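Analysis of the macromolecular model
Here is how the chains run, residue by residue.
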Amino acid sequence: MRAFPISRRNSPRSTSPVLPSHDSAGLRRYGALAAAAAVVCTVGVAFAPAAGAAADLPRRPESSSARASLLESIAARPNSTAIPDDFAAAAGYRPVVEAGMLLNPEGDCSSPIPLPAEFDLACKSHDLGYDLLRYAAAHGQPLGPWARRSVDAALEQRMHTACAAREDALSRTRCQVMATIAATAVDLNSIRQNYGSPVYEPFFEHTGTGPTPAALVAAGAGIAGLAFAATIPVRRTRSRRGTAARERDVAIAGPASAVAL
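What counts and what doesn't
Residues numbered from 1 in each chain as written. Predicted model: local features only at pLDDT ≥ 70, side-chain atom pairs only at ≥ 80, totals over all residues. Heavy atoms only, no water. Helix = DSSP H or I, 4+ residues; strand = E, 2+ residues; numbered from the N terminus. Buried < 20%, exposed > 50% of the residue type's maximum accessible area, 1.4 Å probe, protein only. Contact = heavy atoms within 4.5 Å. Core = buried A, V, L, I, M, F, W, Y, C linked by side-chain atoms within 4.5 Å. Phe/Tyr/Trp six-rings, centres within 6.5 Å; stacked < 30°, edge-to-face > 60°. Salt bridge = Lys/Arg side-chain N within 4 Å of Asp/Glu carboxyl O. Disulfide = S-S within 2.5 Å.

A look at the overall build of the chain
A count of helical and extended segments in the chain gives eight helices and two strands. For the chain, the α and β elements follow one another from N to C terminus as α-α-α-β-β-α-α-α-α-α. Residues classed as buried in the chain amount to 34% of the 261 residues present. Of the contacts formed within the chain by residues at least 6 apart in sequence, a portion of 65% connects residues at least 24 apart.

Description of the nonpolar core
Leu-70, Phe-87, Leu-128, Leu-133 and Leu-143 are the most contacted members of the largest nonpolar core, which totals 15 residues. Sorting the residues of this core by element identifies α2 (64–73), α4 (120–138) and α5 (145–163) as the ones contributing at least two each. Apart from the residues within four sequence positions on either side, Phe-87 is in contact with Gly-92, Tyr-93, Pro-95, Leu-128, Asp-131, Leu-132 and Tyr-135. Core analysis: the second largest hydrophobic core is formed by ten residues, Cys-123, Leu-155, Ala-182 and Ala-183 among them.

A few points about the packing of aromatic side chains
Following the criterion strictly, the structure yields two aromatic pairs and no others. With a centroid separation of 5.7 Å and 90 degrees between ring planes, the pair formed by Phe-87 and Tyr-93 is classed as edge-to-face. For the ring pair Phe-87 and Tyr-135, a centre distance of 5.8 Å and an interplane angle of 65 degrees mean the geometry is edge-to-face. Residue Phe-87 is found in helix α3 (residues 87–91), and its partner Tyr-135 is found in helix α4; the two are separated by 48 residues along the sequence. Judged by relative accessible area, which is 1%, Phe-87 ranks as buried.

Some details on the pattern of salt bridges
All chains considered together, the criterion is met by four salt bridges. Here Glu-118 ties to Arg-166 by a salt bridge, and the two come within 2.7 Å at their closest N and O atoms. Taken together, the positions of Glu-118 in the loop between β2 (101–103) and α4 and Arg-166 in the loop between α5 and α6 (169–192) put the pair 48 residues apart, joining distant regions of the chain. Overall, Glu-118 belongs to the partly exposed group, its relative accessible area being 32%. According to the relative accessible area criterion, Arg-166 is partly exposed, its value standing at 23%. Between Lys-124 and Asp-120 there is a salt bridge, and its shortest N-O distance comes to 3.4 Å. Of this pair, Lys-124 and Asp-120 both sit in helix α4, four residues apart, which is roughly one turn of that helix. Since its relative accessible area comes to 30%, Asp-120 is described here as partly exposed.

Focus on the state of the cysteines
Within the structure shown, the criterion is met by two disulfides. What pairs with Cys-163 in a disulfide is Cys-175, and their sulfur atoms sit 2.0 Å apart. One quick way to see it: the torsion about the S-S bond of Cys-163 and Cys-175 is about -75 degrees, and its sign makes the bridge left-handed. Of this pair, Cys-163 sits in helix α5 while Cys-175 sits in helix α6, placing them twelve residues apart in sequence. In this structure, Cys-163 and Cys-175 share a single accessibility class: buried. Counting only the cysteines that form disulfides, in the order they appear in the chain, gives the pairing 1-2, 3-4.

Here it is in structure tokens:
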């Protein structure tokens, strides 16, 4: 962060330095991103399972067809022909390629809070990835934890990429924050299920000893709000310092201006 010191040797005609107009927007942006990071770090660490929880599960051969299909679902240039022949009958739909993503055309962003429309395709591709995980498990050859992590990571990356297309800086920042919150909620659910085959869990109902997904998201949103609010005093302090510096500069330049006259 740059400092703007005031020198008593300034010319009488010199003006006090002015902070860039985008400075406040930058602080808001960094504050929002810090808030999102707080959600990821605080909540993710608090509810993470014991180390090696997934690794302790018995190893079984992975479904080679499901593995190949899942890798195509997260690829930049997917090939729809990699989908197993019997997948459509099992899942009830045939995956398609749209906007460079292999996805479930009937999927959606199943979220209790409204998400940006730009996330639609990323959510549909994520749905396909989860269906491929279920397909492999149903055939007795489940994919390892790497697969669900990869599908979740692709969702997060694609949501953030979609936000980057917004032209307005504030709108783009809001979109990025929503992407991080949504990705965190998805990751927390994967952690709860040890990155195994996805299992339906009602958002507001207890299915075990841990908190509900709704409680986790609410906690994350609270942390985000507190972190963002913490940037307000910083902005006010910077504003007061800027005003004081300008007043001091005027007081220094005033007598010199009078002598010159």
